[in-house]
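Summary of structural features
This is what each chain is made of:
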Amino acid sequence: MVGQVTLLQNHKKAQRKKHNRQAHKPKAEQPLAIDDVNKQLRECFESILEFCLSGDKDSLFFSFEQKLQDKIFLLGGLYCQLYLVSRHERFCYSNWQEGERYYAQKQPAGRTIYTIFGRVRYWRRYFIHKNDSAGFFPFDAAIGLSKDGFSPLVMKLATKLATRVSFGTCVLLLRSFYGWSPGKESIQDMVLGIGKEASCYMETANFAEDEGDVLVIEVDGKAIATLTDTELAKRKRSRKLPKVSCCRRHRGKACRKRTKRVRRQANDFSKNGRSATLAVMYSLKRGTDGRLHGPINKKVWGSFASRKVMLEWTRRQATKRGFSPDTHKHVHIVVDGEPCLRDGLAKLFPNATFCLDIRHVEEYLWKFGRAFYPDDKMNRKNREELVDTLRAKLYDGEVENLLELLKEVRRTLSPKANRDKAVRETVVKAITYMQTRVGMMNYQKYIEEDLPIGSGMMEGAVRNVIGERLDCSGMRWKPERAEALLHLRCIELNGDWVHFYNWAYSQWVKRMQSEERNIQMRSNQPLELPKGRNCVSQTTRCISWSKESTFRRRHRCREVTDYGW
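Residues numbered from 1 in each chain as written. Predicted model: local features only at pLDDT ≥ 70, side-chain atom pairs only at ≥ 80, totals over all residues. Heavy atoms only, no water.

Topic: helix H21 (residues 497-515)
An ideal rise of 1.5 Å per residue puts 27 Å on 19 residues; H21 measures up with 27 Å between its terminal C-alpha atoms. Within H21, the full set of buried residues consists of Trp497, Phe500, Tyr501, Trp503, Ala504, Gln507, Trp508, Val509, Arg511, Met512 and Glu515. Residue Glu516 follows H21 closely and has a positive phi angle near 55 degrees. (Helix = DSSP H or I, 4+ residues; strand = E, 2+ residues; numbered from the N terminus. Expected span 1.5 Å × (residues − 1). Buried < 20%, exposed > 50% of the residue type's maximum accessible area, 1.4 Å probe, protein only.)

Section: helix H19 (residues 456-467)
Considered for burial, the residues of H19 that qualify are Met458, Gly460, Ala461, Val462, Val465 and Ile466. Where the residues of H19 are buried, they touch strand E6 (214-225), strand E7 (273-286), strand E8 (292-303) and helix H20 (479-493). (Contact = heavy atoms within 4.5 Å.)

So, the sheet that holds strand E5 (residues 135-136)
Here we have 3 strands laid out as an open sheet, ordered E1-E4-E5, and antiparallel in their pairing. Every other strand in the sheet has two partners, leaving strand E1 (102-104) and E5 as the edge strands with one partner each. The pairing of E1 with strand E4 (residues 127-129) spans 3 bridges and is antiparallel. Within E4, the position partnered with Ala104 by the bridge is Phe127. (Pairing = 2+ DSSP bridges.)

Considerations on the pattern of salt bridges
This structure, assessed with the given rule, holds 16 salt bridges. Residues Arg411 and Glu408 are paired through a salt bridge, measuring 2.6 Å at the closest nitrogen-oxygen approach. Of this pair, Arg411 and Glu408 are both found in helix H16 (residues 399-412), 3 residues apart, which corresponds to roughly one turn of the helix. The exposed category is assigned to Arg411, whose relative accessible area is 52%. Look at Glu408 and you get partly exposed, because its relative accessible area is 40%. With a closest N to O distance of 4.0 Å, Asp420 and Arg419 form a salt bridge. Classification of Asp420 by relative accessible area gives buried; the value is 13%. Ionic contacts of the salt-bridge type, sharing partners, join the residues Arg111, Arg124 and Asp140 into one network. (Salt bridge = Lys/Arg side-chain N within 4 Å of Asp/Glu carboxyl O.)

Have a look at this one:
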């Protein structure tokens, strides 16, 4: 009897729990029908017409335009919702319902995505794979929506804008134009995720077989400020919440008291720099007038990997342009005189002509002129005449005579006198710099052949690609994270952004539809820097999905993207 009473009590308790769960369980969201969205859209459209026709007499156009923008964005969001709802009603799930591969969820699941018009809500069905318990939304894969929660157009605009301005400024600009914006962290993840496809895109670029008669290559580098180990550990550590929370001013004071600022030494201007190597390639075509015209297919590319990686990239790109290692076409290379660049390129381009940037040589001549004639009004004219005389010997092909002249000046100087110290040091540096690079200073011949003798395009690329985005005041980078932004900025400045994003987006859609899974374009993992010859980038490995089974593709892509710090 006691046992029966206990069983009855437990049964009543279970019934009460079940009733409570059902009472507090949120009601399933019912998807909107096409007629409901149509009704909302027509009402919104009618309200816009009425708003335009019945404006106040004393209202200003500025206030009218602001209110109209909000209404237009609302109307655009309803049009997007109408497209998604109508497309889902016409979508056929028979391919996934047939057979015994998937379990189908009966009730459609709702989802909110952010478009340029704001938030848009739609519904679709969820399917669970019977073998590996992995599920996906076939409708999302069919229309090309990823797991990111943002529309492809929003990701395209935000990432392109991030290649031009800082992430914080990108958020402010998007809010100014569209009324909302993804967060800074989301934009950073977009840059990392989309940037992984950039190197593979550059490898797949095609060029015309006969695009020019001369291939010009310019290579240089520039360093950016990177995080030290101390700064990185400081950013990763947990932060204590300030006790003072009355206002921002007093919170800042309390934070400064807790944190001791380490001051630099008087002459410490180091920024823990990490150099990025840039390469500019373009072709020149000789016209009927005998001069070289161009540039044709000018491309800029850079990387924080070793310089060997960038030099190998120039070799592959030159072969694609029709300038193979055994070609009889002319390859002209302009460098700044750094020995490692010249030696590395000479191995890859044995038949190329090398030119030392004439502006670097002129800098040494001007330093010698300033030391020989110090800065004052009396010596300015004499200094300019001296430098013009020396520079004329460069353009006339009299490099040997120029060196003999500088050596003669060195012999006339006292080896120990302080009065000749400045002139002696500058003339020795000029002789040392030019004496080891005489073979690269055939300027008269290059001018007669209409070949470039200066790396002006490279200097402009260094300033535009790195200086204006990655080397701004206060910026500190990790090279693996800056690599993605550097690649995307190169593509943007090359004018290939639209083609690149369309290509990358098509790759993502094919991957979702082929592997039957929803992928995420954004990533918080930094890129892996290439190691050198015969290395395959992570993007190339991840895109080679078409010849593998579904399980191996998933496993391989998971391995490729899971890189740590």
